[in-house]
Structures are given as structure tokens and as C-alpha cells.
Amino acid sequence: MNAPDRFDAFLLGDGEKKVTEEPDTRIPSSSIFTFNKEDHTLGNLLRSQLLKSPHVTFAGYKVPHPLVNEFILRIQTDGSLTPKAALMQSCKELVSDLSILSREFTKEWELRKMVGDGAKADDKGDKGKGPVR
């Protein structure tokens, strides 16, 4: 068929960079980042995290074509922080938030398993005994 190989959607080729930065000469304190082999998931996460920063005046992304696995992220800051520094700070904050999410999810999952195992043990012990009088 005409479909590209699935691994082409996420594996970088030889000499291919994950992220490239191009300063935007039309707008001060602005850069355009191109992320290869990524999609809306990361684009929206980064955009929303960047907009939480008081130094970021604009953050937006677009996917040029739905069959090409890349997105373009434009960042403009107030000048006290470079766009690259704002992106790096947002990435660090996202990693921290996601590690907290992972830790909390794992804790709740383990608690759910313990409660579920306890309920199964109670069910096995009550079989055939009838109501307690």
C-alpha cells in the first residue's frame, strides 16, 4: 500500500534534529521552533504550559499538514527571558508535573488493587455459609 512505515512517524533519521529554532525577525523576542516526529499532543501541552508563564506574551502552534509528523511552535516573550529559555523552563515544569501525576496514579492504582484483593478474599471466605445469625 501507499502508507508510510509506522516507525517513520516517531524515529528520527540520520542527521535529523528533534527541534530546530529560527529567530523571528519580524517580531522582537520571538522565535519559531519546529518539532520533528511530534504531533498535537506535545504541541498543546507546551503551548498551555508556556501561557502560564508571566514572561510569555504569545505561544501558539500549528500542524502544517496532518500527514506530516511535525508541528511549528511560535513563542514571544516580554524580553526579560528568551523564547528558548521560556521553552526550556516550560519543559522542566511539564516533566515535574507529569512525574507527580505518575506518582499519584501509581499510588491510587496500588490502593485500588489492595482494596480489590481484599474484597475478593472476603467473597471467597463467605461462600456457602449463608447469613450470619
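Residues numbered from 1 in each chain as written. Predicted model: local features only at pLDDT ≥ 70, side-chain atom pairs only at ≥ 80, totals over all residues. Heavy atoms only, no water.

The name given to the protein in an unreviewed UniProt entry is DNA-directed RNA polymerase RBP11-like dimerisation domain-containing protein, with the source organism recorded as Cladonia borealis. Comment text from UniProt for the protein, heading Subcellular location (unreviewed entry), reads "Nucleus". (UniProt positions renumbered as here; feature names shortened; annotations may be inferred.)

Draft legend 1. Local environment of the pairing of strand E4 (residues 70–77). Judged by which residues are buried, E4 turns out to be one-sided: Phe 71, Leu 73, Ile 75 and Thr 77 face inward and are buried, whereas Glu 70, Ile 72, Arg 74 and Gln 76, on the alternate face, are not. Relative to E4, strand E3 (residues 56–62) is paired through six bridges, and the arrangement is antiparallel. The partner of Ala 59 across the bridge, within E4, is Ile 75. (Buried < 20%, exposed > 50% of the residue type's maximum accessible area, 1.4 Å probe, protein only. Helix = DSSP H or I, 4+ residues; strand = E, 2+ residues; numbered from the N terminus. Pairing = 2+ DSSP bridges.)

Draft legend 2. Examining the packing of aromatic side chains more closely. Inspection of the entire model under this criterion finds three aromatic pairs. Here the aromatic rings of Phe 105 and Trp 109 are separated by 6.3 Å at their centres, their planes lie at 15 degrees, and the arrangement is stacked. Highlighted residues: Phe 105 and Trp 109, both in helix H2 (residues 83–126), separated by four residues, approximately one helical turn. Look at Phe 105 and you get exposed, because its relative accessible area is 55%. In this structure an aromatic cluster arises from ring pairing among Phe 35, Tyr 61 and Phe 71. (Phe/Tyr/Trp six-rings, centres within 6.5 Å; stacked < 30°, edge-to-face > 60°.)

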